[in-house]
Amino acid sequence: MVYLDNSATTRPDPEVIRVLSDVMENIYGNPSSLHGLGGKAERLVKQAREAVAKTLGVSPKGIVFTSGGTESNNAAIKGAAFQYQNRGRHLITTEVEHASVYEVCRQLQELGWKVTFLPVDVQGRVRPEDVEKALTSETVLVSVMHVNNEVGTVQPVQAIGSLLQAYPKVLFHVDAVQSFGKIPLRPKEWGIDLLSLSGHKFHGPKGVGCLYIREGLQLMPLLVGGGQEEGYRSGTQNVPGIAAFAKAALLAAEKGKQHAPRLYQWKMEMLQKLQSKLSGMMVNGDLSREGCAPHILSLAFPGLKSEVIVHALEEEGVFVSSKSACSSKGEKPSRVLKAMGLSDEEAVGAIRISMGLDTTQSDVEACTDALLRVIPQLQQVMKVHGS
Ligand SMILES: Cc1ncc(COP(=O)(O)O)c(C=O)c1O
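The model shown is predicted, which means the values in this text are computed figures rather than measured ones. (Residues numbered from 1 in each chain as written. Predicted model: local features only at pLDDT ≥ 70, side-chain atom pairs only at ≥ 80, totals over all residues. Heavy atoms only, no water.)

## Description of the packing of aromatic side chains
The condition is simple: Two aromatic rings from Phe, Tyr or Trp, using only the six-membered ring of Trp, form a pair when their centres are within 6.5 Å; if the ring planes differ by under 30 degrees the pair is stacked, by over 60 it is edge-to-face, and anything between is tilted. Here a helix means four or more residues in a row that DSSP labels H or I, a strand means two or more in a row labelled E, and each is numbered from the N terminus. Only protein chains enter the accessibility calculation, which uses a 1.4 Å probe; a residue is then buried when its area is under 20% of its type maximum, exposed when over 50%, and partly exposed in between. For a Lys NZ or an Arg CZ to count as sitting over a ring, it must be within 6 Å of the ring centre and within 35 degrees of the ring normal.
This structure, assessed with the given rule, holds five aromatic pairs. Summarising the aromatic geometry, the rings of Phe65 and Phe245 are spaced 6.1 Å apart at their centres and angled 85° between planes, so their arrangement reads as edge-to-face. On the criterion of sequence distance, the pair formed by Phe65 in strand E2 (residues 63-66) and Phe245 in helix H7 (residues 239-277) is long-range, its members being 180 residues apart. Of the two residues examined, Phe65 and Phe245, each falls in the buried class. Each ring, one from Phe202 and one from Phe245, has its centre 5.6 Å from the other, and the planes form 50°; the classification is tilted. Pair noted here: Phe202 is in the loop between strand E7 (194-198) and strand E8 (209-213) and Phe245 is in helix H7, with a separation of 43 residues, a long-range link. Each member of the pair, Phe202 as well as Phe245, carries the same accessibility label: buried. An aromatic cluster of three or more residues is present, and its members are Phe65, Phe180, Phe202 and Phe245. The ring centre of Trp113 lies 4.0 Å from the NZ or CZ of Arg89, which sits over that ring.

Okay, here's the thing in structure tokens:
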């Protein structure tokens, strides 16, 4: 099996699985308990917080463990919107955010907030000057993702963070779920106030992630109760998940440095081969070294349907996806690709190939060969069918 659907989720690293199972078996105390087993669990959570903070270059006090990317995004956006609604009720985001940002903004819109959904260029990139133009005296938050999960385009978060320095009352949230471990990420230097991560995107367990909150920043908590995580996120901590998440973060930060340049090289080699041998193929998003994440490649074959391509590749033992995992069963063409200017016909023929930190060159070659077999066959069938 060749697994190239790593933007949907990754295979947990064996070392991560060991930590998870070891903690489940041996350190099952509640970190809030006063006895020794609780103390051990509490120390593990503390160590995990320090480790994750180190990989981001931030203070451990700013790390709040959550159940993953969706919760972190909800907690950041709703938390800021509710906390600072006396300052104003305007939010700025983009048309290409993941549903866990986009739908939160739509929900707030229904509750009376004004939301500006900024357009993107043909590569899927928002312009920092558009962010600045959209700011009003009512704006409380700007939320822009780091790497787009469907096409891999890197957003200019550093430039946005730097322009927002002139607007100290406007908070800046970055969904970095697809970028961690793949491209450099420096929340503090880039003026980021809130940042979301998810463990299962970098070979950690599902259902655990974190929200980085700049020190001193108040958010209205999404979950209230026992006051865990300094009151930002009540609920008994998922200690095994948190320990395993921290292990995955350390491994990804380390492995990513060596592996990411290789992933980019393989992606470009694959593309060259496909472009030289296939007709009617479109490439979506930016492909420059600095402008894209090394692990995501989005292709479109107008006239074909992405589900058909995905299933034909599966027959060849290669697993890729149509758009993003949460929306890939939906009928509609991708909102992200439409925002980039693709027609319906182009957008419904898109597939996403996404590599992980365990992907090998032979995986990429096998996928290339499978595409070279499958696409001309499907195009031929469509031709016969259409004539
Ligand atoms: C960019 C982005 N943000 C957020 C999420 C949601 O993360 P989770 O699956 O941990 O809820 C995803 C998952 O696909 C994603 O790609």
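Read on for the rest.
## As for the nonpolar core
Basically, it comes down to this: Throughout, nonpolar core names a set of buried Ala, Val, Leu, Ile, Met, Phe, Trp, Tyr and Cys residues whose side chains join them through atoms within 4.5 Å. What marks off one domain from the next here is an automatic or database domain assignment. Residue contacts follow a heavy-atom distance rule, with two residues in contact if any of their heavy atoms lie within 4.5 Å.
Core analysis: the largest hydrophobic core is formed by 63 residues, its most contacted members being Leu56, Ile63, Phe65, Val142, Phe172, Leu195 and Leu197. Looking at this core, the element that brings in the most residues is H7, giving ten residues. Both of domain 1 (2-7 + 257-386) and domain 2 (14-251) provide at least three residues apiece to this core. If we skip the residues at most four places from it in the chain, Ile63 touches Arg49, Val52, Ala53, Leu56, Val58, Cys210, Leu211, Tyr212 and Glu229. Membership of the second largest hydrophobic core comes to 30 residues, among which are Leu271, Leu372, Ile375 and Leu378.

## Some details on the packing of helix H1 (residues 14-26) against H7
Convention followed: Axis definition: a line fitted to C-alpha atoms, limited for helices to the stretch in contact. Angles are taken between N-to-C directions and run from 0 to 180 degrees. Throughout this description, any angle smaller than 35 degrees is read as roughly parallel, any larger than 145 degrees as roughly antiparallel, any in the 65 to 115 degree range as roughly perpendicular, and the remainder as oblique. A crossing counts as left-handed when the near helix is turned anticlockwise from the far one by less than a right angle, and as right-handed when that turn is clockwise.
At a minimum axis distance of 8 Å, the contact between H1 and H7 shows a crossing angle of 155°. Comparing the axis directions of H1 and H7 gives the class roughly antiparallel. Between H1 and H7 lies a crossing of right-handed hand. The residues of H7 that touch H1, namely those facing Glu15, Val16, Val19, Leu20, Val23 and Met24, are Val239, Pro240, Gly241, Ala243, Ala244, Lys247, Ala248 and Leu251.

## A few points about the site of the ligand
What counts is decided by this rule: For this description, a residue counts as near a given molecule or strand if any of its non-hydrogen atoms is within 4 Å of it. Pairing of N or O atoms within 3.5 Å defines a polar contact, subject to two protein rules: one partner must be a possible hydrogen donor and the other a possible acceptor, and residues neighboring in sequence count only if both atoms are side-chain atoms. Each accessible area is a Shrake-Rupley estimate made with a 1.4 Å probe; only the visible protein chains count as cover when residues are assessed. Polar here means any residue other than Ala, Val, Leu, Ile, Met, Phe, Trp, Tyr, Cys and Pro, which are nonpolar, and Asp, Glu, Lys and Arg, which are charged; Gly is therefore polar.
In the region of the ligand, 14 residues are neighbours, and Thr70, Asp175, Gln178, Ser198 and Lys201 sit closest. Within the contact set of the ligand, an oxygen atom lies 3.4 Å away from a side-chain nitrogen or oxygen of His98. A distance of 2.7 Å separates a nitrogen atom of the ligand from a polar side-chain atom of Asp175. Coverage of the ligand by the protein amounts to 89% of the 390 Å² it exposes when considered alone. The element that contributes the greatest number of residues to the shell around the ligand is helix H3 (residues 69-83), accounting for three residues. Partitioned by chemical class, the residues of the shell around the ligand number two nonpolar, ten polar and two charged.

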